[in-house]
Amino acid sequence: QVQLVESGGTLVQAGDSLRLSCAASGRSFSNYVMGWFRQAPGKEREFVSGISWSGYSTRYADSVKGRFTISRDNARNTVFLEMNSLKPEDTAVYYCAADDRGQQIGVRAPMYDYWGQGTQVTVSS
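Here is a short report on the structure shown in this document.

How each quantity is defined
As a convention, each chain's residues are numbered from 1 in the sequence order in which they are written. Per-residue local features of the predicted model are confined to residues with pLDDT of at least 70, and side-chain atom pairs are confined, for both listing and counting, to 80 or more; whole-chain, interface and lining totals are unaffected and use all residues. The basis for every side-chain value is the complete set of non-hydrogen atoms in the structure, without hydrogens or water. Put simply, DSSP H or I for four residues or longer makes a helix, DSSP E for two residues or longer makes a strand, and each gets a number counted from the N terminus. The reference for a compact globule is 2.2 Å times residues^0.38; the radius of gyration itself is calculated from the C-alpha atoms. Any residue under 20% of the maximum accessible area for its type is buried, any over 50% is exposed, and the rest in between are partly exposed; the area is computed with a 1.4 Å probe on protein chains only. Strand pairing follows a simple DSSP-based rule, namely that at least 2 bridges must link the two strands. Note on geometry: axes are C-alpha line fits, over the in-contact stretch for helices, and angles between N-to-C directions span 0 to 180 degrees.

The next subject is the overall build of the protein. Scanning the protein from terminus to terminus reveals zero helices and 11 strands. Along the protein, from the amino end to the carboxyl end, the secondary structure elements read β-β-β-β-β-β-β-β-β-β-β. Taken over C-alpha atoms, the radius of gyration comes to 13 Å for the protein, in line with the 14 Å a tight globule of 125 residues would show. Taking the principal axes of the C-alpha coordinates as reference, the protein spans close to 40 × 25 × 25 Å. Taking all 125 residues of the protein together, 45% fall into the buried category.

Set out below in structure tokens:
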């Protein structure tokens, strides 16, 4: 069993930067593909970014490419999402997710086995 706890969400202004963290408990964190998803009110949960178990491979949604950076520290069982040039349309609850098969970076939510409770990011214009 893996528990994921996100932190770092807050209210910021357009153009600001923010870093989200996701702390994982449980064994074998370094074997998991990790992902970030987000869900805005009235919208479906969408893929934001993912990172392979080694950290060498990453994947981004087109809407955040060039602005967001995902990274992980396997020694600290933590994955990060650095968000720059934030826009009001980035406002959402951000969720951390883990895929314990660890083979490829999935973009669909059902491909992930464990989820955090989410952290709210609000970007004002």
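Within the open sheet, the four strands sit side by side as β1-β3-β8-β7. Their pairing is antiparallel. Unpaired on one side and paired on the other, β1 (3-7) and β7 (68-73) mark the two borders of the sheet. Between one strand axis and the next, the sheet turns by 15 degrees as a mean value, whatever way the strands run. One ladder, built from six bridges, connects strand β3 (residues 18-25) with strand β8 (residues 78-83); its direction is antiparallel. The residue bridging A23 from the neighbouring strand is T78, located in β8.

Take it as geometry only, folks, not as evidence of what the structure does.
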